Amino acid sequence: MRVLARLGFGVAALGLLFGCGGSDQSGRPKRIAMIPKGTNHEFWKAVEKGAKQADQELPEVEVIWKGPPGEGDAPAQIGVVEGFLAEKIDGIALAPLDAKALEKPVRSAVQAGVPVLIFDSGLASADAPIVSYVATNNRTGGARAAAALAKAMGGQGRVLVLRYVQGSESTIAREEGFLEEIKKHPGILVASSDRFAGADERAAIDVAENLLSNFGEGLGGIFCSNESTASGMLTALRRDPRGLAGKVQFVGFDSSANLVQGLKDGVIHALVVQDPVGMGRESVRALAQALAGKTVSKRIETAEAVITKESMTTPEHAALLNPLGPQ
Amino acid sequence: MAEVHSRISPLTRIARLGPWLGLGLVLLGFSVYGWVVKPDTPFLSAYRGALIAKQAAIVGLAAIGMTLVIIGGGIDLAVGALLALTSVTLARLLTPEWGWSAGLATLAALLVGLLAGVMNGVLVTRLRLAPFIVTLGTMLVFRGAAELIARQSKISAAAPEWLTGLLDPPAPGSLQFLPSGVWIVIALGLGFAGLLRFTVFGRALFAIGSNSEAARLAGIRVGLVQTSAYAIAGLLMGLAGLFEFSVLNGQGNPSSGLGLELEVVAASVIGGASLRGGRGSILGCLVGAVMMTVLRSGCVYAEVHDATQKIVIGALIVFAVALDRSQRK
């Protein structure tokens, strides 16, 4: 049995090498492997939901969802990609855990005739031979947060930016997008933008408290670039003895039960959220089109939305705040 | 002025004054900065005092245990992971799914901390393994267990005010002045300082850390005393888990306390503990924890850049270790 399996494996690999995998036979749905960065976080569960929706609406493809065993483990993700190549997959959609490390398996997949689509975050080199890159434009998201904050502040006052961690591409793009946009408002002064909260939420609370104790008086607005940072700031604002909660305009990024409560209570003015369900759906649709021989746009931007207390109950925004639906 | 030329090094002179001097200098430095640069908002205020005490509470609590372990010639690298384990245990038991009462869940979290500490102690003393390696291993074990219990996401749970409010600031105008959790840390600090100074256990711990072979020959039960130190450290991390749950607003987070061990070791060393064992001070390590918190708070106050702040705190730790060495020569 083992010898047979090896033989089969070898034949499949050869078939892939020469690009005659026989996947063009009509009738059989094409198999798409969708590889997220992890499988535990709500964000990825929402991407999976969107991918499954597209799977249902498109009979010509079949989506196989498989993540690496643990988030942050790039070698394990490379192993998952290689595993799919070995079993003669028709197409791959990948959210690379590491922009550089995953480039190699992507190139070997394309060489073997398997089209690859990248979603959520990009590869290091811009000329990677991919079908399309489906992701939120984080820079635009940051800029929209700045516009919302500036409007809420009436174009006047001092703002505070609490960053997430060094080296995190997506949040840095949000922070840079925010700072670039806020500069366009002459009445707004950035009081501090060099603090990183770190990945630990308690540390984020400490930094937020220190910032508020120093800049709290006369502060007009606050921006935090991800869920844990915004959560930490929310806790610090709620505990502030001067009652800053609700007085200072506060815009966060991403959503969670805690942040939605803050929005409801009026402590958070707006949340910028991504559309992970849309990301999953668009990725599968685009890859299905490419497999059918149609041309696909090289860059597909999934929408981000600015959600305020007033808009949070509209069906569209309620779905974005809670992408997995009532549980 | 004649002493300047004596054979005692100036570093030793400073070291003898202890961490209190360092804390005083740091406080004075930021206060002077405040008087000169922003006289309207002085550095020291009742609010900042309460904030610093609150922010230093978890590191301080862990540092008490760490100092006991270090005095006995060991080290405990698992404290950060244990913080995560005890806080998610507490949060999980409080969820409707388990529905434990706050009192029972608290006891369970403390018990988990105690058992984890006993486990560290037994592995170190019975298997005669290096404490550095043992606790490096149990660090991963505790972290993995925390992630299993939390199913790799945060656990939110409702709890009564005495638990969620452990580190909340007291009502304005009340005589309590500091959060109740901070008073607990101060009381424990005084208690353990007394324990070290006045009991047989304390003297035995110092003796073991200085020379465990001599201590054994003198009839001290080395394994039992060392294991007790790890057990106390674990129990204190159970308590710290309650604090973490309170600070996170009624949540258990499996990634809590990443890198905490380094900060706790630093607090102990700044407070006068020697990593070679046989030396250390409980009140000193609390001062060390407070000093690092003051530096962090002060760097935001003085608008020191985030990166520069790290360099300042790092330099302080190296300086404290240098003092430690100079005193031993």
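Residues numbered from 1 in each chain as written. Chains lettered and ligands numbered in written order. Predicted model: local features only at pLDDT ≥ 70, side-chain atom pairs only at ≥ 80, totals over all residues. Heavy atoms only, no water.

Participant: I tried to follow the overall build of chain A on my own but got confused; where do I start?
Facilitator: Looking only at helices and strands, one finds 11 helices and 12 strands in chain A. Partitioning the intrachain contacts of chain A with sequence separation of at least 6 by distance along the chain shows that 72% fall at a separation of at least 24. Total accessible area on chain A is roughly 14200 Å²; 54% of this is exposed by carbon and sulfur atoms. (Helix = DSSP H or I, 4+ residues; strand = E, 2+ residues; numbered from the N terminus. Contact = heavy atoms within 4.5 Å. Areas by Shrake-Rupley, 256 points an atom, 1.4 Å probe, with all protein chains shown as cover.)

Participant: It is not clear to me how the overall build of chain B should be interpreted in this structure. Could you clarify?
Facilitator: The secondary structure content of chain B amounts to 13 helices and 2 strands. Computed over C-alpha atoms, the radius of gyration of chain B comes to 20 Å, within 12% of the 20 Å expected from 2.2 N^0.38 for 329 residues, which places it in the range of a compact globule. Each principal axis of the C-alpha distribution contributes one length, and for chain B these read about 70 × 60 × 35 Å. Long-range contacts, defined here as pairs at least 24 residues apart, represent 77% of the contacts in chain B between residues at least 6 apart. Of the roughly 14900 Å² of accessible surface on chain B, 70% is carried by carbon and sulfur atoms. Taken as two groups, the 23 positive and 14 negative side-chain charges of chain B have centres that lie 12 Å from each other. (Rg over C-alpha atoms; globule rule 2.2 N^0.38 Å. Lys, Arg positive; Asp, Glu negative; His and termini not counted. Charge placed at Lys NZ, Arg CZ, Asp CG, Glu CD.)

Participant: Would you take a moment to explain the packing of aromatic side chains for this structure?
Facilitator: Applying the stated criterion across every chain yields a total of 6 aromatic pairs over all chains. Taking the centre distance of 4.3 Å and the plane angle of 5 degrees together, the rings of F178(A) and F223(A) count as stacked. Taken together, the residues F178(A) in helix α6 (residues 169–182) and F223(A) in strand β8 (residues 219–224) connect sequence positions 45 residues apart. Between Y33(B) and Y301(B) the ring centres are 6.1 Å apart and the planes differ by 70 degrees, which places this aromatic pair in the edge-to-face class. With Y33(B) in helix α1 (residues 10–37) and Y301(B) in helix α12 (residues 282–301), this residue pair connects regions lying 268 residues apart in the sequence. For Y301(B), a relative accessible area of 1% gives the class buried. Among the aromatic residues, those joined into a ring-pair cluster are F30(B), Y33(B), F43(B) and Y301(B). The lysine or arginine in question, K38(B), covers the ring of Y301(B), its NZ or CZ lying 4.6 Å from the ring centre. (Phe/Tyr/Trp six-rings, centres within 6.5 Å; stacked < 30°, edge-to-face > 60°. Buried < 20%, exposed > 50% of the residue type's maximum accessible area, 1.4 Å probe, protein only. Lys NZ or Arg CZ within 6 Å of the ring centre and 35° of its normal.)

Participant: How should I be thinking about the sheet that holds strand β2 (residues 61–65) of chain A in this particular structure?
Facilitator: Two pairing modes exist for strands in a sheet, parallel and antiparallel, and in both the strands are linked by backbone hydrogen bonds. Residues and elements named next belong to chain A. In spatial order, the strands read β2-β1-β3-β4-β5-β11; together these 6 strands make up an open sheet with parallel pairing. The open sheet has two free edges, formed respectively by β2 and β11 (299–302), since each of these has just one partner strand. Geometrically, the sheet is characterised by an average inter-axis angle of 20 degrees between neighbouring strands, direction not taken into account. When strand β1 (residues 30–35) meets β2, the two strands line up parallel, connected through 5 bridges. Note on β2: the bridge partner recorded for M34 is W65. (Pairing = 2+ DSSP bridges. Axes fitted to C-alpha atoms, helices over the stretch in contact; angles between N-to-C directions.)

Participant: Just to check I follow, could you spell out the interface of chain B and chain A for this structure?
Facilitator: Interface size is often expressed as the accessible area that is lost when the parts come together. Across the contact, 34 residues belong to chain B and 22 residues belong to chain A. Between chain B and chain A, a total of about 2400 Å² is buried, with carbon and sulfur atoms accounting for 39% of that surface. When the buried area of chain B at its contact with chain A is split by residue, Y47(B), V300(B) and D306(B) rank highest and sum to 23% of it. In this assembly, chain B and chain A are joined by 6 salt bridges. For the interface between chain B and chain A, the tally reads 18 residue pairs in polar contact (both at pLDDT 80 or more). (Buried area = accessible area lost by both parts, 1.4 Å probe. Salt bridge = Lys/Arg side-chain N within 4 Å of Asp/Glu carboxyl O. Polar contact = N/O pair within 3.5 Å; in protein donor to acceptor, adjacent residues only side chain to side chain.)

Participant: Would you mind going over helix α4 (residues 103–111) of chain A with me for this structure?
Facilitator: Residues and elements named next belong to chain A. Looking at α4, one finds that the buried residues are E103, P105, V106 and A109. Taken end-on, α4 shows its buried residues confined to a sector of 165 degrees, consistent with a single buried face. Projecting away from the buried face of α4 at angles above 90 degrees are the exposed residues K104 and Q111. Of the residues one or two after α4, G113 is the one with positive phi, at around 85 degrees. (Arc of directions from axis to C-beta.)

Participant: Looking at this structure, I do not really get the pattern of salt bridges. What am I missing?
Facilitator: It is possible for side chains of opposite charge to pair when their charged atoms get near one another. Residue and element names in this part refer to chain A. Under the defined criterion, the tally for this structure stands at 29 salt bridges over all chains. In this structure, E103 engages R107 in a salt bridge whose closest nitrogen and oxygen atoms are separated by 3.7 Å. Of this pair, E103 and R107 both sit in helix α4, separated by 4 residues, roughly a single helical turn. Residue R107 is classed as partly exposed on the basis of its relative accessible area, which comes to 32%. Salt-bridge contacts for E180 lead to R139; the nearest nitrogen and oxygen are separated by 2.9 Å. Here E180 is found in helix α6, whereas its partner R139 is found in helix α5 (residues 138–152), with 41 residues between them in sequence. Taking the relative accessible area as the measure of exposure, E180 reaches 45% and is therefore partly exposed.

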